Number of protein chains: 2
Amino acid sequence: MTTDLSRFSINQMTVKQLELPQLVDACGQLGVSQVGLWREPVQRYGLEATAKLIREADLAVTTLCRGGFLTATDPGARAAALADNRRAVEETATLGTDTLVLVSGGLPPGSKDLRAARERIADALAELAPYAEDHGVRLAIEPLHPMYASDRCVVSTLAQALDLAERFPARQVGVTVDTYHIWWDDRAPAQIARAGAGGRIHAFQLADWTTPLPEGVLNGRGQIGDGAIDMREWRGYVEAAGYTGPIEVELFNEGLWARDGREVLAETAERFHSAFTVR
Amino acid sequence: MTTDLSRFSINQMTVKQLELPQLVDACGQLGVSQVGLWREPVQRYGLEATAKLIREADLAVTTLCRGGFLTATDPGARAAALADNRRAVEETATLGTDTLVLVSGGLPPGSKDLRAARERIADALAELAPYAEDHGVRLAIEPLHPMYASDRCVVSTLAQALDLAERFPARQVGVTVDTYHIWWDDRAPAQIARAGAGGRIHAFQLADWTTPLPEGVLNGRGQIGDGAIDMREWRGYVEAAGYTGPIEVELFNEGLWARDGREVLAETAERFHSAFTVR
């Protein structure tokens, strides 16, 4: 089967068992031309070394994951988070991509105030967004599924993410649309249109929804086609909203991580192709 | 400490280790005057026997949980679900309560169409709502947290529940407001006001949000006060919307189920009191 992968980007986390040179090599063999990277494995391999490796392989970097975690109330923790996000902006630029994905952070210990936490994110963005623009980087706020609201991300819907993003110019702040986090939300299609109209769809990611969810609900994101999400429908929404950029597949899945990484990458590319082929 | 339990109702599931006579006895000892019942333990003890036991103990039944699961496409499964819901209506009336909680059901096997599933619930309600009214019973659609959207309940927000309920008179169909399912939703306070204005808050339940979520995400509902939810805030919303009815505590929690049921009931009553005492 000929697989059209021109829009496909493999997020590094999907095949985290592959070290960077292996990932680059596997991409070359499979005709995958775009990757989404994560800060931790990049730092492990070395930032400059990663940039060189990627550049020499002629791979495009679609996003860097991730900045964020901006909800701390403690002044020291808050200053540390801002400093870390400035470094993330710099790393994004060094890697040759223009998009830094932001996961906002959960409630601080003991707090029950989602509203205040969301407002602290806006305050942090006011400091980070101009800094990002100076480095040619756009911040892409990713709403995470409401099941992460307390411990990982107080921004649970595209509407909330856009309410935050729209306080800033679109060249500074937009959103990440990830099917896994928004597929249940009947308001999401209209919010995708809103994001597109404002030029704020800065990243588009796919993962499928499968149950039962694992303990901790972090590492059960389904391989494309295995779950409840109609990928064609969601790709249709973002494209109707004017998005023509890369489509990253980002899976956190213990089952996939336990397998051979090259095999998982090949399967993911195949599933991507199948999901968008007219049946 | 004097505990004002006049609004408190213990949902049977919170202390499911107690058989019905034990539950009734414990309620009497603790001054708990209201219970929410579940169909399965009621059937196990016997419907008429339960009604008699409850009546003689002078307990009020605040809700029966639960009807619903109305999303099947298969005609046989659909007819069976409707018949089962008619029986649930009859059981509700026999137990002397006017409120049957509905959990809508998830996607049928292989389906990825949330919208169609939601529409089938409306079709089913058109058959069930007048039947319920004839028996003096109100249906209370419960939106469940979006993490249950595929396998348990395609109605994920109060807004969706009200969109369904408002197709029918409020005396036939309203909603269940449960903090566990809606606490993350910044639109929920406005939807509670909408529900109250329409006389559609038919039940109000509490559970707290604790993490990490357990595998399957069903039985990790936190004891009141242990989690991220500000119970005073949510009680404030429903009361500002005009609700003056019972407040059920409904916890699915393996840890609580492993303990002595009377002790858990006493603790739950105490937590209820503490949550609403001015600090």
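Up top is the structure these notes are about.
In this report, we go over the structure that sits alongside the text. Bear in mind the structure is a predicted one, so any value in this text is a computation, not a measurement. (Residues numbered from 1 in each chain as written. Chains lettered and ligands numbered in written order. Predicted model: local features only at pLDDT ≥ 70, side-chain atom pairs only at ≥ 80, totals over all residues. Heavy atoms only, no water.)

**Digging into the overall build of chain A**
Along its length, chain A carries 11 helices and 10 strands. A compact globule built from 279 residues would reach a C-alpha radius of gyration of about 19 Å, and chain A, at 18 Å, matches this within 12%. Expressed as lengths along the three principal axes of its C-alpha atoms, the size of chain A is roughly 50 × 40 × 40 Å. For chain A, buried positions account for 59% of its 279 residues. Surface accessibility of chain A: about 10,200 Å² in total, with carbon and sulfur atoms responsible for 50%. With 28 positive and 38 negative side-chain charges, chain A shows a spacing of 3 Å between the two charge centroids. (Helix = DSSP H or I, 4+ residues; strand = E, 2+ residues; numbered from the N terminus. Rg over C-alpha atoms; globule rule 2.2 N^0.38 Å. Buried < 20%, exposed > 50% of the residue type's maximum accessible area, 1.4 Å probe, protein only. Areas by Shrake-Rupley, 256 points an atom, 1.4 Å probe, with all protein chains shown as cover. Lys, Arg positive; Asp, Glu negative; His and termini not counted. Charge placed at Lys NZ, Arg CZ, Asp CG, Glu CD.)

**Let's talk about the relation of the copies chain B and chain A**
Between the two copies of the chain lies a rotation about an axis combined with a shift along it. After a rotation of 180° and a shift along the axis of 0.0 Å, chain B superposes on chain A with an RMSD of 0.0 Å. The transformation just described matches what one would write down for a two-fold rotation axis. Relative to the rotation axis, the closest C-alpha in chain B is found at Glu215 of chain B, a distance of 1.9 Å. When the interface residues of chain B are mapped onto chain A, 100% of them again fall at the interface, so both copies present the same face. (Least-squares fit on C-alpha atoms with pLDDT ≥ 70 in both. Contact = heavy atoms within 4.5 Å.)

**A look at the pattern of salt bridges**
Oppositely charged side chains may form a pair once their charged atoms are brought near each other. Considering all chains together, one arrives at 35 salt bridges over all chains under this definition. Put simply, Arg115 of chain B and Glu233 of chain A hold a salt bridge, and the shortest N to O gap is 3.1 Å. Placement of the pair is Arg115 of chain B in helix 5 (residues 114-134) and Glu233 of chain A in helix 9 (residues 231-240), with the two residues belonging to separate chains. Of the residues examined, Arg115 of chain B reaches a relative accessible area of 53% and is grouped as exposed. Note that Asp25 of chain B and Arg262 of chain B form a salt bridge whose closest N and O atoms lie 2.8 Å from each other. Placement of Asp25 of chain B in helix 1 (residues 20-30) and of Arg262 of chain B in helix 11 (residues 261-275) is noted, with a sequence separation of 237 residues between them. Owing to a relative accessible area of 29%, Arg262 of chain B belongs among the partly exposed residues under this scheme. (Salt bridge = Lys/Arg side-chain N within 4 Å of Asp/Glu carboxyl O.)

**Considerations on the side chain of Asp208 of chain A**
Position of Asp208 of chain A among the secondary structure elements: in strand 8 (residues 208-209). One buried charged residue, Asp208 of chain A, forms no salt bridge at all, with the nearest opposite charge on Lys112 of chain B at 4.3 Å. Here the side chain of Asp208 of chain A touches Gly225 of chain A through a polar contact of 2.9 Å, landing on its backbone nitrogen. Looking at Asp208 of chain A, its side chain comes within polar contact range of the main-chain nitrogen of Asp226 of chain A, at 3.3 Å. (Polar contact = N/O pair within 3.5 Å; in protein donor to acceptor, adjacent residues only side chain to side chain.)

**Some points on the sheet that holds strand 10 (residues 247-249) of chain A**
What holds strands together in a sheet is hydrogen bonding between their backbones, with the strands either parallel or antiparallel. All names here are of chain A. Reading around the circumference, 1-2-3-4-5-6-7-10 is the order of the 8 strands in this closed barrel, with parallel pairing throughout. Ignoring strand direction, the axes of neighbouring strands in this sheet form an average angle of 30°. Seen against the sheet, helix 5 (residues 114-134) touches strand 4 (99-103), strand 5 (138-141) and strand 6 (173-178) and runs at an angle of roughly 135° to strand 5. (Pairing = 2+ DSSP bridges. Axes fitted to C-alpha atoms, helices over the stretch in contact; angles between N-to-C directions.)

**Some words on the pairing of strand 3 (residues 60-68) of chain B**
Residues and elements named next belong to chain B. In terms of burial, strand 3 is a largely internal element, 7 of the 9 residues being buried. Relative to strand 4 (residues 99-103), strand 3 runs parallel, the two being bridged by 4 bridges. From the neighbouring strand, Gly68 faces strand 4, where its bridge partner is Val103. What joins strand 3 to strand 4 is helix 4 (residues 75-94), and the crossover it makes is right-handed. (Right-handed = clockwise from strand over helix to strand, strands pointing away.)

**Here we look at the packing of aromatic side chains**
All names here are of chain A. In the structure shown here, the tally under the stated rule is 17 aromatic pairs over all chains. Measuring from centroid to centroid gives 5.7 Å for Trp38 and Phe252, while their planes differ by 70°, and the two rings are edge-to-face. Note that Trp38 is positioned in strand 2 (residues 34-38) and Phe252 in the loop between strand 10 and helix 10 (254-257), a separation of 214 residues in sequence. On the basis of relative accessibility, which here comes to 5%, the residue Trp38 falls in the buried class. Geometrically, the ring pair formed by Trp183 and Trp209 is tilted, given 5.8 Å between the ring centres and 40° between the ring planes. (Phe/Tyr/Trp six-rings, centres within 6.5 Å; stacked < 30°, edge-to-face > 60°.)

**Brief notes about the packing of helix 4 of chain B against helix 5 of chain B**
Residue and element names in this part refer to chain B. It is the contact of helix 4 with helix 5, at a shortest axis distance of 10 Å, that shows an interaxial angle of 35°. For helix 4 against helix 5, the interelement crossing comes out right-handed. Contacts between helix 4 and helix 5 involve Arg78, Leu82, Asn85, Arg86, Val89 and Glu90 from the former and Arg120, Asp123, Ala124, Glu127, Leu128, Tyr131 and Ala132 from the latter. Here the contact of helix 4 with helix 5 is built from residues that sort into 6 nonpolar, 1 polar and 6 charged. (Left-handed = near helix turned anticlockwise from the far one by under 90°. Nonpolar A, V, L, I, M, F, W, Y, C, P; charged D, E, K, R; others polar.)

**Topic: the nonpolar core**
With 180 residues, the main nonpolar core has Leu139, Met147 and Trp183 of chain A together with Leu139, Met147, Trp183 and Ile192 of chain B as its most contacted residues. For Leu139 of chain B, the contacting residues outside a window of four places in its chain are Val89, Leu100, Leu102, Leu125, Leu128, Ala129, Ala132, Gln172, Val173, Gly174 and His202 of chain B. (Core = buried A, V, L, I, M, F, W, Y, C linked by side-chain atoms within 4.5 Å.)

**Brief notes about the environment of Tyr243 of chain A**
Residues and elements named next belong to chain A. With respect to the helices and strands, the residue Tyr243 is situated in the loop between helix 9 and strand 10. Residue classification places Tyr243 among the buried positions, given a relative accessible area of 9%. Sequence-distant contacts of Tyr243, defined by excluding residues within four places in its chain, comprise Arg7, Ile201, Ala203, Phe204 and Val238. Looking at Tyr243, its side chain comes within polar contact range of the main-chain oxygen of Pro246, at 2.7 Å.

**Points about the side chain of His181 of chain B**
With respect to the helices, strands and loops of the structure, His181 of chain B is situated in helix 7 (residues 179-182). Not counting the four nearest positions on each side in its chain, His181 of chain B is found in contact with Glu142, Pro143, Leu144, His145, Pro146, Tyr148 and Arg221 of chain B.

**Examining the environment of Val101 of chain B**
Residue and element names in this part refer to chain B. Note that Val101 resides in strand 4. Once the C-alpha coordinates of Val101 and Ile141 are considered, the two residues, 40 residues apart in sequence, prove to be 6.1 Å apart. Ignoring sequence-local partners within four residues, the contact set of Val101 consists of Thr63, Leu64, Cys65, Arg66, Gly67, Ala140, Glu142, Thr176 and Gln205.

**Section: the interface of chain B and chain A**
Quite often, the size of an interface is put as the accessible area lost when its parts meet. Every contact between the two is made by 34 residues of chain B and, on the other side, 34 residues of chain A. At the boundary of chain B with chain A, total buried surface from both sides reaches about 2,600 Å², with 56% on carbon and sulfur atoms. Our count for the chain B to chain A interface comes out at 2 salt bridges. In this structure, the connection of chain B to chain A is made through 12 residue pairs in polar contact (both at pLDDT 80 or more). When contributions to the side of chain B that touches chain A are tallied by element, the ones reaching two or more residues are helix 5, strand 8 (208-209) and helix 9 (231-240) of chain B. Here the side of chain B that touches chain A gets 3 residues from one element, more than from any other, and that element is helix 5 of chain B. Of the residues belonging to the side of chain B that touches chain A, the class tally is 15 nonpolar, 9 polar and 10 charged. (Buried area = accessible area lost by both parts, 1.4 Å probe.)

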